[in-house]
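Working through the structure, step by step
One letter stands for each residue in the lines below.
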Amino acid sequence: MDTSKFNDEVYEVVNLIPEGRVTAYGAIAKALGYGTARMVGHAMSVMDHHQKTTPAHRVVNSSGHISAPDSGGGRWRAEMLEKEGIEVKNGKVVKFRELFWDPSTEII
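Residues numbered from 1 in each chain as written. Predicted model: local features only at pLDDT ≥ 70, side-chain atom pairs only at ≥ 80, totals over all residues. Heavy atoms only, no water.

Here's the deal with the overall build of the protein chain
A tally of helices and strands in the protein chain yields 5 helices and 4 strands. When the elements of the protein chain are put in sequence order from the N terminus, they spell out α-β-α-α-β-α-β-β-α. In summary, the protein chain has a C-alpha radius of gyration of 13 Å against a globular reference of 13 Å for 108 residues, a match within 12%. Seen through its C-alpha atoms, the protein chain measures out along the principal axes to roughly 35 × 30 × 20 Å. Taken over 108 residues, the protein chain has a buried fraction of 41%. Nonlocal contacts in the protein chain, meaning residues at least 24 apart in sequence, comprise 67% of its contacts between residues at least 6 apart. (Helix = DSSP H or I, 4+ residues; strand = E, 2+ residues; numbered from the N terminus. Rg over C-alpha atoms; globule rule 2.2 N^0.38 Å. Buried < 20%, exposed > 50% of the residue type's maximum accessible area, 1.4 Å probe, protein only. Contact = heavy atoms within 4.5 Å.)

Now the structure itself:
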């Protein structure tokens with residue numbers, strides 16, 4: 001598998017996540033039709049986070065938890081979500097199921 005192609009496809013999906021909504025690593029993998037949640041997580045970890053146009057903060061795990069919530073990156077993601085009106089408590093998105101955006105409905 002060409003990881004750079006996969007990563008680019010992950011970033012394309014992440015760019016589709018509407019403001020005020022979140023999705024999960026596994027949902028992105030499922031929408032793309034290949035790869036795993038772990039591969040999506042890896043793609044997100046190697047992304048250039050200085051490039052602020054990709055809303056990486058909108059991707060959480062399948063139970064709504066932010067990865068590494070106590071790290072600097074985790075705190076940044078929580079702050080960005082809260083700026084969008086998403087409540088985060090103890091590293092978890094409150095009302096995750098209501099705010100969940102399913103990328104498979106947007107990907108053909």
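A short note on the pattern of salt bridges
Here the structure, examined in full by the defined rule, presents 2 salt bridges. For E9, the salt bridge identified is with K5, shortest N-O distance 2.7 Å. Of the two residues, E9 and K5 both sit in helix α1 (residues 3-14), 4 residues apart, roughly one turn of that helix. On the basis of relative accessible area, E9 is assigned to the buried category, the value being 17%. (Salt bridge = Lys/Arg side-chain N within 4 Å of Asp/Glu carboxyl O.)

What to know about the nonpolar core
Counting 17 residues, the largest nonpolar core has V10, V14, I28, V40, M44 and V59 as its most contacted members. Listed by contribution, the elements that provide at least two residues to this core are α1, α2 (25-32) and α3 (37-46). It is α1 that provides the largest number of residues to this core, a total of 5 residues. Setting aside its immediate chain neighbours within four residues, V59 contacts V14, I17, T23, A24, Y25, I28 and M44. Counting 10 residues, the second-largest nonpolar core is a separate cluster that includes I86, V88, V93 and F96. (Core = buried A, V, L, I, M, F, W, Y, C linked by side-chain atoms within 4.5 Å.)

Topic: the packing of α1 against α3
Two elements in contact, α1 and α3, have axes separated by 9 Å at closest approach and are oriented at 85°. With respect to α3, the axis of α1 lies roughly perpendicular. Facing α1, whose interface residues are F6, N7, V10, Y11 and V14, α3 presents M39, V40, A43, M44 and V46. Here the residues of the contact of α1 with α3 sort into 9 nonpolar, 1 polar and no charged. (Axes fitted to C-alpha atoms, helices over the stretch in contact; angles between N-to-C directions. Parallel < 35°, antiparallel > 145°, perpendicular 65-115°, else oblique. Nonpolar A, V, L, I, M, F, W, Y, C, P; charged D, E, K, R; others polar.)

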